Amino acid sequence: MKTRAEKQAQIDLLASEFRRVPHVFVVGFEGLSVAKDWELRGKLRAAQAGIKYHVVKNRLAQKAAEGTPVAQLNEQFKGMTAVALTPDDPATLAKLLTEFAKENPTFRFKGAVIEGRAIALDQIEAIANLPTKPQLMSQIMGLINAQPQRLVNVMQGVIRNLVVVLAQIRDQKAQAEG
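Every value quoted in this text rests on a predicted model; they were computed, and no experiment measured them.

Taken together, the side chains of Lys2, Arg4, Lys7, Lys57, Arg59 and Lys63 present a region of like positive charge at the surface. For the positive patch, the elements supplying multiple residues, two or more each, are α1 (4-20) and α3 (58-65). Mapped onto the secondary structure, lysine 2 falls in the segment before α1. Owing to a relative accessible area of 39%, lysine 2 belongs among the partly exposed residues under this scheme.

On to unusual backbone geometry. In this structure, glutamate 115 takes a positive phi of about 50° despite not being glycine. Assessed through its relative accessible area of 57%, glutamate 115 is described here as exposed.

Attention now moves to the pattern of salt bridges. For the coordinates displayed, the defined rule picks out 9 salt bridges. Close ionic contact of lysine 102 with glutamate 125 constitutes a salt bridge, the shortest N to O distance being 3.8 Å. A residue pair is termed long-range when its members are at least 10 positions apart, and lysine 102 in helix α4 (residues 90-103) and glutamate 125 in helix α5 (residues 121-128) qualify at 23 residues. Classification of glutamate 125 by relative accessible area gives partly exposed; the value is 36%. When the shortest N-O distance is used, the salt bridge between aspartate 171 and arginine 170 registers 3.4 Å. What emerges from the salt-bridge pattern is a single network uniting Lys36, Glu39, Lys43 and Glu103.

Reading the values: rules and limits
Residues numbered from 1 in each chain as written. Predicted model: local features only at pLDDT ≥ 70, side-chain atom pairs only at ≥ 80, totals over all residues. Heavy atoms only, no water. Patch = residues over 30% accessible without salt bridge, like charges linked within 9 Å, V, L, I, M, F, W, Y side chains within 5 Å. Areas by Shrake-Rupley, 256 points an atom, 1.4 Å probe, with all protein chains shown as cover. Salt bridge = Lys/Arg side-chain N within 4 Å of Asp/Glu carboxyl O. Lys, Arg positive; Asp, Glu negative; His and termini not counted. Charge placed at Lys NZ, Arg CZ, Asp CG, Glu CD. Helix = DSSP H or I, 4+ residues; strand = E, 2+ residues; numbered from the N terminus. Buried < 20%, exposed > 50% of the residue type's maximum accessible area, 1.4 Å probe, protein only.

Shape descriptors only; they carry no functional weight alone.
Here it is, written out as structure tokens:
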């Protein structure tokens, strides 16, 4: 059994993370084996350095959530509960958790807070289907690069056509002389 000081230290740690991290997913894992839990932790660690995953005591998590956006989810802290947090890209974390939930039916979402707003459970699937930040950046860069690239192709086409016409004129003159 934890001492009061240990419990307070855990509350303080969770509260600081809830204040610092804008994207929090609350999940239930009743019936999930320890091996599967470690598998999930490994996937989260490998995916992104900023992702954290904590199994929490419900009452301690509720106390830690007071005064933070996560307080909107206090009703969800029932049963076996864990929180997954990411400072950067909620789409990546939502994808990882959704894929894991599909493979393990006992793992389920209880709620989420994205940028300080509580998100409905059906919206988590939509967030999981969004492209990740690097994918969005590459798409935007592709769109920005497309217009100048088209302009260069058009300009090269004019020069290429001029060269073809000059070559045809040269060939016609050579045939007329020959």
